[in-house]
Amino acid sequence: MTIERAVAADAGEILTVQRAAYVSEAQLYGDPYIPPLVESLEQLRKAIETGVVLKALDGGRIVGAVRGQLSGTTCLVGRLVVAPDRQGQGLGTALLAALHEQVPEATAFDLFTGHLSEGNLRLYRRLGYRATRRERMDDHLTLIHLRRQPDRSPPPR
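First, a word on scope: everything that follows refers to the structure included in this document. Values in this document were obtained by computation on a predicted structure and should not be read as measured data. (Residues numbered from 1 in each chain as written. Predicted model: local features only at pLDDT ≥ 70, side-chain atom pairs only at ≥ 80, totals over all residues. Heavy atoms only, no water.)

## Here we look at the sheet that holds strand 5 (residues 108–114)
Inference 1: Judged by pairing direction, the sheet is mixed, and its seven strands sit side by side in the order 1-2-3-4-5-7-6 without closing on themselves. What marks the edges here is a single partner per strand, and that holds for strand 1 (2–5) and strand 6 (130–138). Between one strand axis and the next, the sheet turns through 25° on average, direction left out of account.
Inference 2: Inspection of the sheet shows strand 3 (residues 61–71) paired to strand 4 (residues 74–82) by seven bridges, in the antiparallel sense. Counterpart to glycine 64 in the pairing with strand 4 is valine 82.
Inference 3: Relative to strand 4, helix 4 (residues 91–102) is tilted by about 155°, and along the sheet it contacts strand 1, strand 2 (52–58), strand 3, strand 4, strand 5 and strand 7 (141–148). (Pairing = 2+ DSSP bridges. Helix = DSSP H or I, 4+ residues; strand = E, 2+ residues; numbered from the N terminus. Axes fitted to C-alpha atoms, helices over the stretch in contact; angles between N-to-C directions. Contact = heavy atoms within 4.5 Å.)

Listed below in structure tokens is the structure:
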């Protein structure tokens, strides 16, 4: 598997992986209209052109992706997706680690996930993300916002 920067021509395949990956989230929250499922191809192309979008490739197949958008010195992380048949194999961890490396100027990485998404929360906590706030969206969804601040201390002598 390799991880590299996505290009606009990858948008269709990334969108397919994204929709497949988010079906379980839609079912978990009882909402088939969550933003990752209704995002358009044009919106995804724009994200690729204006931010950092990484793709995970297995042979010629895109099996995962993640987005980062610098806002000041904070990288806003979004749409971490892994094809359902490849989940649980470390691709999400690899994609986030690659994003952290691709945006070295970021002093923090921020993301959010739903309160019922235990697998996502475990992954983010394992990678050093800590909850900063909860945001109640409606009766069935509370977003948990998390932040990771890279260790910028000098290496030990």
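So that's the structure; there's more coming.
## A few points about helix 4
Inference 1: With 12 residues, helix 4 ought to run about 16 Å at 1.5 Å a step, and its terminal C-alpha atoms sit 16 Å apart, in line with that.
Inference 2: For helix 4, every residue scored as buried is listed here: Leu91, Gly92, Leu95, Leu96, Ala98, Leu99 and His100. (Expected span 1.5 Å × (residues − 1). Buried < 20%, exposed > 50% of the residue type's maximum accessible area, 1.4 Å probe, protein only.)

## So, the pattern of salt bridges
A side chain of one charge can pair with a side chain of the opposite charge when the charged atoms of the two come close.
Inference 1: Going through the model one piece at a time under the given rule, you end up with 10 salt bridges.
Inference 2: A salt bridge links aspartate 139 to arginine 136; the shortest N-O distance between them is 3.0 Å. Side by side, aspartate 139 and arginine 136 carry an identical accessibility label, which is exposed.
Inference 3: When salt bridges that share partners are traced, they join Glu4, Asp10 and Lys55 into one network. (Salt bridge = Lys/Arg side-chain N within 4 Å of Asp/Glu carboxyl O.)

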